[in-house]
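# Examination of the molecular architecture
This is what each chain is made of:
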Amino acid sequence: MSDVLVLVDHVEGQVRKATFEMLTAAARLGEPVAVWVGAGGDAAAEELGRYGATSLLVADDPGLTDYLVAPLAELLADLVAQRSPAAVLVASTNDGKEIAGRLALKTSSGLITDAVDVQPGDGGVRTTQSVFAGNYTVVSQVATGSPVIAVKPNSIPAQETGGSAPAVERVSVQVSEAAKAARITGRTAKEQSGRPALTEAAIVVSGGRGTGGDFGPVEAFADSLGAAVGASRAAVDAGWYPHSHQIGQTGVQVSPQLYVAAGISGAIQHRAGMQTSKTIVAVNKDAEAPIFELVDYGIVGDLFTVLPQATDAVNQRKG
Amino acid sequence: MNIVVCVKYVPDAQADRTFKTDHTTDRETVDGLLSELDEYAVEEALKIVQAGEGEITVLTMGPDDAVAAVKKGLQMGADKGVHVNDVAIAGSDAVATSLVLAKAIEKIGVEGGGVDLVLTGLGSTDGAMSVLPAMLAERLGMPQVTWASELAVEGGMARITRHNEAVTETVEANLPAVVSVTDQINDPRYPSFKGIMAAKKKPVEEWSLADLGVDPSEVGLGASWTSVVSAEARPPRQAGELVTDEGDGGAKLVEFLASRRFA
């Protein structure tokens, strides 16, 4: 069977859920080969094996991570040339999509971003994407080269295969001077909220203009459900919540099992970022708010009374 | 300082966008406009030039009406425009688009004494792949400096700040470079009446693929390295249940969540 390369998405050695989802998708297409860039690869072998990685290639030259994505694309292009994989999967994050774009050009391969499903098909890999604010479902096929597919996190359920830790093989790449042209000169880790990351969370609770700047009830309800916290553009523009939490076309696009919109009217830009959520709930004082067109369950009411009551009820259920 | 800003003419995201039978975007039934995210790139170019000196060229590719995106950039204050217009480019994917734009940027550089900075938005509001800046950098052999929420251009260098989910990074590169900017970087200006009048006199060159030395077989729907097998409209959502809070809204909400096993 052909290799399917999976670029491991990890933050300082901590493997992100998107990686397990990609390994699950890769197993449908061939032999999942995990590619690890940076330190910590050996420690993660067992975890990667459990989700189906049959081998693990580690590139831990510190030089690879001092630059933006160009060296990673060179490494993957080298591996594609050596192994002619059936596909290369990367996480459809900002960086992942850029790696995919450069890799596609380097290897003359078709490119798909934001894939929400990956399946084998006649004539090659078939991918599914959700476009135009989730109003269309598109199935695509790569016609040329080794398909380069950026897989949207939280789209494909990860499955443990019971595999054991794969053998680790060191790989390296001679990074070109051109790829080193954009240097990372500083890195500051963001303060950890203790909440799940937006793109990985099964539940997202978001606040908008209706919070009036007080995200307390939104955060408390999110914490009762173990959810991530999001915000509408209006709330972010007003300076009430950090931009990194903005849900929408110009922010983060999420597709959780449950999305709760509190005090959010549902402008098209916001809808573009959350419309593919499996279950949608909204709380809004305005019964005419467009968000109610999308909901499975909607409460016309004040979030400052509804959310605290709901938080208490959830906490009571947990006993 | 010669700056090229790449812009895209897109169907209005507020309207119902659809596909044609060949699975390309239907641009006829929906009004088009300058992709909102490109306004931030135009604004940033204006700020750089106003703080020093330089010339801004707004570049787009697309059918006849795509020139409207260039004109909006000129109305905001850019100096001149280039519109690559050729029937063969219809249906081009990101790979082909990056080829055409890279060739056009090279030609702008040859004719204008070099390009120092290529600015783009973080993505378009239609395709939204966000791969074009990286592809342009790859093709042009320029450093890629993307997702800038702050940008300083001085001493022949571009320095940016970018925010990822877990980390904030500072990145620097020598010019010329390809820089993409986010919607956090500035507040784009509205064209003034004076700007709108002045734009009418600004030159917009129209180039064909032949002008760029691009073989038509390398672009367009037929040259795409990917193909769309099907495009289906999502079935309309079933109307959800709507209740009015009468003092028990929170409790009812949790009952619903419990029925779906979320609580």
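Residues numbered from 1 in each chain as written. Chains lettered and ligands numbered in written order. Predicted model: local features only at pLDDT ≥ 70, side-chain atom pairs only at ≥ 80, totals over all residues. Heavy atoms only, no water.

Under an unreviewed UniProt entry, the name given to chain B is Electron transfer flavoprotein subunit beta, and the source organism is Ornithinimicrobium pratense. On record in UniProt, under Sequence similarities (unreviewed entry), the comment for chain B is "Belongs to the ETF beta-subunit/FixA family." Within the UniProt record for chain B, the comment given under Function (unreviewed entry) is "The electron transfer flavoprotein serves as a specific electron acceptor for other dehydrogenases. It transfers the electrons to the main respiratory chain via ETF-ubiquinone oxidoreductase (ETF dehydrogenase)." (UniProt positions renumbered as here; feature names shortened; annotations may be inferred.)

As annotated in an unreviewed UniProt entry, chain A carries the name Electron transfer flavoprotein subunit alpha/FixB family protein and is attributed to Ornithinimicrobium pratense. Quoted verbatim from the Subunit (unreviewed entry) heading of the UniProt record, the comment on chain A is "Heterodimer of an alpha and a beta subunit."

### Description of the interface of chain A and chain B
With 83 residues of chain A at the interface, the matching set in chain B holds 76 residues. Summed over both partners, the interface of chain A with chain B comes to about 7,100 Å²; 55% of that surface belongs to carbon and sulfur atoms. Of all residues in chain A, the largest losses of buried area upon contact with chain B belong to A:Leu105, A:Phe132 and A:Tyr297, amounting jointly to 11% of the total for that side. Here B:Glu36 ties to A:Arg233 by a salt bridge, and the two come within 3.0 Å at their closest N and O atoms. Linking chain A with chain B are 33 residue pairs in polar contact (both at pLDDT 80 or more), by the criterion used here. (Contact = heavy atoms within 4.5 Å. Buried area = accessible area lost by both parts, 1.4 Å probe. Salt bridge = Lys/Arg side-chain N within 4 Å of Asp/Glu carboxyl O. Polar contact = N/O pair within 3.5 Å; in protein donor to acceptor, adjacent residues only side chain to side chain.)

### Details of the sheet that holds strand S1 (residues 3–7) of chain A
With mixed pairing, the 10 strands of this open sheet are ordered in space as S11(A)-S5(A)-S4(A)-S1(A)-S6(A)-S10(A)-S7(A)-S8(A)-S9(A)-S13(B). On the outer flanks of this sheet lie strand S11 (168–170) of chain A together with strand S13 (226–233) of chain B, each paired with one strand and no other. Strand-to-strand, the axes of this sheet are offset by a mean angle of 35 degrees, without reference to chain direction. Pairing geometry for strand S7 (residues 111–119) of chain A and strand S10 (residues 148–151) of chain A, over three bridges, is parallel. Residue A:Ile112 lies in a different strand from S10(A), and its bridge partner there is A:Ile149. (Pairing = 2+ DSSP bridges. Helix = DSSP H or I, 4+ residues; strand = E, 2+ residues; numbered from the N terminus. Axes fitted to C-alpha atoms, helices over the stretch in contact; angles between N-to-C directions.)

### Notes on the pairing of S7(A)
All names here are of chain A. Relative to strand S8 (residues 126–131), S7 is paired through four bridges, and the arrangement is antiparallel. Each residue of the ladder has a partner; that of Ala115, found in S8, is Gln129. Remark: six residues form the turn of the hairpin made by S7 and S8, two consecutive strands paired antiparallel; Gly123 in that turn has positive phi of roughly 80 degrees.

### Digging into helix H8 (residues 303–318) of chain A
An ideal rise of 1.5 Å per residue puts 22 Å on 16 residues; H8(A) measures up with 22 Å between its terminal C-alpha atoms. Along H8(A), the positions that sit buried rather than exposed are A:Leu303, A:Val306, A:Leu307, A:Ala310, A:Thr311, A:Ala313 and A:Val314. Down the axis of H8(A), the buried side of the element spans an arc of 165 degrees, and every buried residue falls inside it. Where H8(A) is buried, its residues touch helix H5 (216–225), strand S15 (258–262), strand S16 (279–284) and strand S17 (297–300) of chain A together with helix H7 (249–259) of chain B. Between a side-chain oxygen at the N-terminus of H8(A) and the backbone nitrogen of A:Phe304 the separation is 2.9 Å; the capping residue is A:Asp302. Where H8(A) ends, the next residue or the one after it, A:Gly319, has phi of about 60 degrees, a positive value. (Expected span 1.5 Å × (residues − 1). Buried < 20%, exposed > 50% of the residue type's maximum accessible area, 1.4 Å probe, protein only. Arc of directions from axis to C-beta.)

### Points about the environment of A:Val8
Residues and elements named next belong to chain A. As for its placement among the helices and strands, Val8 is situated in the loop between S1 and strand S2 (10–11). Look at Val8 and you get buried, because its relative accessible area is 7%. For the pair Val8 and Leu103, spaced 95 residues apart in the sequence, the C-alpha separation amounts to 16 Å. If sequence neighbours within four positions are ignored, Val8 has contacts with Val15, Thr19, Ala34, Val35, Trp36 and Leu48.

### Here's the deal with the sheet that holds strand S9 (residues 157–163) of chain B
Here we have four strands laid out as an open sheet, ordered S12(A)-S10(B)-S9(B)-S8(B), and antiparallel in their pairing. On the outer flanks of this sheet lie strand S12 (183–189) of chain A together with strand S8 (150–154) of chain B, each paired with one strand and no other. Within the sheet, the average angular offset between the axes of one strand and its neighbour, ignoring direction, is 10 degrees. Direction of pairing for S9(B) relative to strand S10 (residues 167–174) of chain B: antiparallel, over a ladder of seven bridges. Bridge pairing in S10(B) links B:Met157 to B:Asn174.

### What to know about a nonpolar patch on the surface
All names here are of chain B. On the surface, a nonpolar cluster with roughly 300 Å² of combined accessible area is contributed by Phe193, Ile196 and Met197. With respect to the element layout, Phe193 can be found in helix H5 (residues 193–199). A relative accessible area of 64% means that Phe193 is categorised as exposed. (Patch = residues over 30% accessible without salt bridge, like charges linked within 9 Å, V, L, I, M, F, W, Y side chains within 5 Å. Areas by Shrake-Rupley, 256 points an atom, 1.4 Å probe, with all protein chains shown as cover.)

### What to know about helix H3 (residues 70–83) of chain A
All names here are of chain A. With 14 residues, H3 extends 20 Å from end C-alpha to end C-alpha; this agrees with the ideal 20 Å at 1.5 Å per step. For H3, the buried fraction is high: 10 of the 14 residues fall into the buried class. What H3 keeps buried is the set Ala70, Pro71, Leu72, Ala73, Glu74, Leu75, Leu76, Ala77, Leu79 and Val80. Buried-residue contacts for H3 involve S1, strand S4 (31–37), strand S5 (55–59), strand S6 (87–91) and helix H4 (94–107). Just downstream of H3, Ser84 is the residue with a positive phi angle, here 40 degrees.

### Here's the deal with the packing of H3(A) against H4(A)
Residues and elements named next belong to chain A. Running from amino to carboxyl end, H3 crosses H4 at an angle of 45 degrees, the nearest separation of the two axes being 9 Å. Taken together, the axis directions place H3 and H4 in an arrangement best described as oblique. Both H3 and H4 take part in a crossing whose hand is right-handed. Where H3 approaches H4, its residues Ala70, Leu72, Ala73, Glu74, Leu76, Ala77 and Val80 are matched on the opposing element by Ile99, Arg102, Leu103, Lys106 and Thr107. Class assignment for the residues of the contact of H3 with H4 results in eight nonpolar, one polar and three charged. (Parallel < 35°, antiparallel > 145°, perpendicular 65-115°, else oblique. Left-handed = near helix turned anticlockwise from the far one by under 90°. Nonpolar A, V, L, I, M, F, W, Y, C, P; charged D, E, K, R; others polar.)

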